[in-house]
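Coordinate inspection notes
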Amino acid sequence: MDILLTLFLITVGFNLALFIPAYLYKTDRLTDVSYALSFVILSVFAYAKSSHNAAHTVLLLAVLLWAARLGGFLLMRIWNMKRDKRFDGMRENFFAFLRFWLLQGISVFIILLASLLYWRHPHAVVSTLSVVGVLIFGVGLCLETVADAQKFTFNQDPKNKGKWIDSGVWSKSRHPNYLGEMLVWIGLYIYGLTVFEGKEWLIGLASPLFIMTLLLFVSGIPLLEKSADERWGKDKAYQAYKKRVPKLLPVFFWRRATK
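Below is a summary of the structure that appears in this document. Not measured: the values here are computed from a predicted model. (Residues numbered from 1 in each chain as written. Predicted model: local features only at pLDDT ≥ 70, side-chain atom pairs only at ≥ 80, totals over all residues. Heavy atoms only, no water.)

A word on helix α9 (residues 206–218). The end-to-end C-alpha separation of α9 is 16 Å, well short of the 18 Å expected for 13 residues at 1.5 Å each. Taken together, the buried positions of α9 are Ser207, Pro208, Ile211 and Leu215. Down the axis of α9, the sector holding all buried residues measures 90 degrees, keeping them to one side. Looking at the buried residues of α9, the elements they touch are α2 (31–48), α4 (94–111), α5 (113–119), α7 (176–192), α8 (200–204) and α10 (221–232). (Helix = DSSP H or I, 4+ residues; strand = E, 2+ residues; numbered from the N terminus. Expected span 1.5 Å × (residues − 1). Buried < 20%, exposed > 50% of the residue type's maximum accessible area, 1.4 Å probe, protein only. Arc of directions from axis to C-beta. Contact = heavy atoms within 4.5 Å.)

Take a look at the structure:
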């Protein structure tokens, strides 16, 4: 069996296995954390089948660092929230909840695809392009880490209840955490470009394109923008915030582009 098919079955099987207790106990504490764990399991398995050279190890450490950061944050958040409102009306519906878990497993495979292809190459080496990819990954990881930490701290303050965050990196972008997430996977794709052969560069491109499509047009920014407009759309201060702060790219990029 091809290693990619094996990895696909692993991630889907893992998520379907966790769906069972999540549905039976109607809990959200497994849902978000399982996303990060899926990346860990898939990456460790793919790395175990690789030649374990330095370039492979650097990529593994990058993915594990990202997963540990995200998994830790999601665990802390759901532990405080107890319940994720996104799953209201879904966790009680067997097929709707099952569909979510199935799609999560498939999404993990697609997002990690460029890295999975990279680990299949036994003679991968760290090149100049690889360094560029790691730097972009690092910027993205730092940006989403800071953004999540600032928003979590903001929301924990009772004085900010019912308010939107417009300080820190959130004063430069309305969705800096999503911008960071996109940069993470763009960087990891660039990291692998030096070894991709044939159509692998095109297949691997599905990794950053998929996460960008999700965040830009499906379940990320559109849903949050709609929710924010419903809550604060008539607030003049919020309207001013939307005019002042770009949806994604930081203000200084936007200003430079409009000059």
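Let us look at the pattern of salt bridges. Throughout the structure, instances matching the rule amount to nine salt bridges. Aspartate 229 is the partner of lysine 242 in a salt bridge, and the nearest nitrogen-oxygen pair spans 3.0 Å. On the criterion of sequence distance, the pair formed by lysine 242 in helix α11 (residues 236–244) and aspartate 229 in helix α10 is long-range, its members being 13 residues apart. Judged by relative accessible area, which is 27%, lysine 242 ranks as partly exposed. Given the relative accessible area of 34%, aspartate 229 is considered partly exposed. Here the residues in one salt-bridge network are Arg174, Glu225, Asp229 and Lys242, joined through shared partners. (Salt bridge = Lys/Arg side-chain N within 4 Å of Asp/Glu carboxyl O.)

Generally speaking, nonpolar side chains in soluble globular proteins are found buried as a group. In terms of nonpolar packing, the biggest core is built from 57 residues, with Phe39, Trp66, Leu116 and Trp185 touching the most fellow members. Counting residues per element, this core draws most heavily on helix α3 (residues 54–81), which supplies ten residues. Counting residues in hydrophobic clusters, the runner-up holds seven residues, among them Leu18, Phe19, Ala22 and Tyr23. (Core = buried A, V, L, I, M, F, W, Y, C linked by side-chain atoms within 4.5 Å.)

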